[in-house]
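Breakdown of the fold
Letter by letter, the chains look like this.
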Amino acid sequence: MPSMNPELFASWTYTQNHISEPEHVAQARGRAEDLGVRCIDPAGRSMLQLLCTLRRPRNAVEIGSGVGVASLAMLEAVGPSLTLTAIESDLEHANAMRQGLRESNIPSARARIINERAENVLSRLADHAYDLVLIDAGAELLLEYVAEAKRIVGVGGVIILNNAFDEHRLAKPAVRRTSTVMTRDALRMLREDPRLQTHLFPTEQGLFVATVLPPVAQKTR
Ligand SMILES: C[S@@+](CC[C@H](N)C(=O)[O-])C[C@H]1O[C@@H](n2cnc3c(N)ncnc32)[C@H](O)[C@@H]1O
């Protein structure tokens, strides 16, 4: 097991610092700062774009889309073949996302923004109808979001959980805060499912990725 020596930390920092983002993303981050909303970090955004480029989802859901930094990343990585359902409970955040989409010339038909609480929306989404679900709406209802994501994602689809480090509390066993316990339970729920292949990527906030395996490839435990 690697220990956190200074060289490892330097390499990690180098990775985080060598990501450049276009001007319109910086503008969206500025809007998020004004509204006091956290966005996916640059390494997470970059990883999300890579996953979208590899998987090329046609139907994606984002639970907690904020001002749309991650949404834009997905829409831009895949292009017109992706339709995104973005669920966001805060009207100001949803409006800021609409502004970002307009400025990026993304037609509103490609991003359906649902301004409601996710727990009231997810049960209306069809089983196995989505290729990608990004969860980033806080830890309070995380287990419910994970259960719904597992229901709506089809074989070969991807479930992504951002802020998996729970503000760097996850790895500290003594921390028993509700959000940390919820996050640990959610990650366990995904890791222990034999239908899923999982990995936790060490981005700044932690990006946990699970893909739904076809029946022949399912893990035996
Ligand atoms: C961390 S931000 C999302 C950032 C976004 N994924 C990005 O990278 O740009 C979390 C968002 O989830 C929203 N949220 C919190 N609870 C929610 C709920 N129950 N249903 C829908 N949205 C929720 C908040 O209003 C906030 O905008």
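Residues numbered from 1 in each chain as written. Predicted model: local features only at pLDDT ≥ 70, side-chain atom pairs only at ≥ 80, totals over all residues.

Secondary structure summary: the protein chain contains seven helices and seven strands in total. The order of α-helices and β-strands along the protein chain, N terminus first, is α-α-α-β-α-β-α-β-β-α-β-α-β-β. Here the C-alpha atoms of the protein chain give a radius of gyration of 17 Å, agreeing with the 17 Å that 2.2 N^0.38 yields for 221 residues. The principal-axis extent of the C-alpha atoms belonging to the protein chain is close to 45 × 40 × 35 Å. Buried positions account for 40% of the 221 residues belonging to the protein chain. (Helix = DSSP H or I, 4+ residues; strand = E, 2+ residues; numbered from the N terminus. Rg over C-alpha atoms; globule rule 2.2 N^0.38 Å. Buried ≥ 20, exposed ≤ 12 C-beta atoms within 10 Å, placed from the backbone.)

Strand order in the open sheet made by the seven strands is 3-2-1-4-5-7-6, with mixed pairing throughout. Two strands in the sheet have a free side with no partner beyond their single neighbour: strand 3 (111-114) and strand 6 (196-201). With strand direction ignored, the average angle separating the axes of adjacent strands in the sheet is 15°. Pairing of strand 1 (residues 59-63) with strand 2 (residues 83-87) involves five bridges; the strand directions are parallel. Following the sheet pairing, Val61 is matched in strand 2 by Thr85. Relative to the sheet, helix 4 (residues 69-78) contacts strand 1, strand 2, strand 3 and strand 4 (130-135), its axis offset from that of strand 2 by approximately 175°. (Pairing = 2+ DSSP bridges. Axes fitted to C-alpha atoms, helices over the stretch in contact; angles between N-to-C directions. Contact = placed C-beta atoms within 7 Å.)

Let us look at helix 7 (residues 178-191). A rise of 1.5 Å per residue sets the reference length of helix 7, with its 14 residues, at 20 Å; its end C-alpha atoms lie 20 Å apart and thus fit the reference within 8%. For helix 7, the set of buried residues is Thr180, Thr183, Arg184, Ala186, Leu187 and Leu190. Across the axial projection of helix 7, the buried residues extend over an arc of 165°, all falling on one side. Exposed side of helix 7, more than 90 degrees from the buried face: Thr178 and Arg188 are the residues found there. Here the buried face of helix 7 lies against helix 6 (142-152), strand 5 (153-162), strand 6 and strand 7 (207-212). (Expected span 1.5 Å × (residues − 1). Arc of directions from axis to C-beta.)

Below, the discussion takes up helix 6. Within helix 6 the residues assigned to the buried category are Leu142, Tyr145, Val146, Glu148, Ala149 and Ile152. Each buried residue of helix 6 lies within a common arc of 165° when the element is viewed along its axis, so the set occupies one face. On its buried face, helix 6 is in contact with strand 1, strand 4, strand 5 and helix 7.

The subject of this paragraph is the nonpolar core. Grouped together as the largest cluster of nonpolar side chains are 59 residues, with contacts concentrated most on Leu48, Ile63, Val69, Met74, Val133, Ile135 and Ile159. Among the elements that make up this core, the one with the highest residue count is helix 4 (eight residues). Each residue touching Ile135, except ones within four places of it in the same chain, is listed here: Ile63, Tyr145, Val146, Ala149, Ile160 and Leu161. (Core = buried A, V, L, I, M, F, W, Y, C linked by C-beta atoms within 7 Å.)

The description of two helices packed together rests on the angle between their axes and the distance between the axes. Remark: helix 3 (residues 42-55) packs on helix 4, axes separated minimally by 9 Å, with the N-to-C direction vectors making an angle of 35°. Crossing angle aside, the handedness with which helix 3 passes helix 4 is right-handed. Contacts between helix 3 and helix 4 involve Arg45, Leu48, Gln49, Cys52 and Thr53 from the former and Val69, Ala70, Ala73, Met74, Ala77 and Val78 from the latter. Of the residues assigned to the contact of helix 3 with helix 4, the class counts are eight nonpolar, two polar and one charged. (Left-handed = near helix turned anticlockwise from the far one by under 90°. Nonpolar A, V, L, I, M, F, W, Y, C, P; charged D, E, K, R; others polar.)

Remember, this is a structural readout, not a statement about activity or role.
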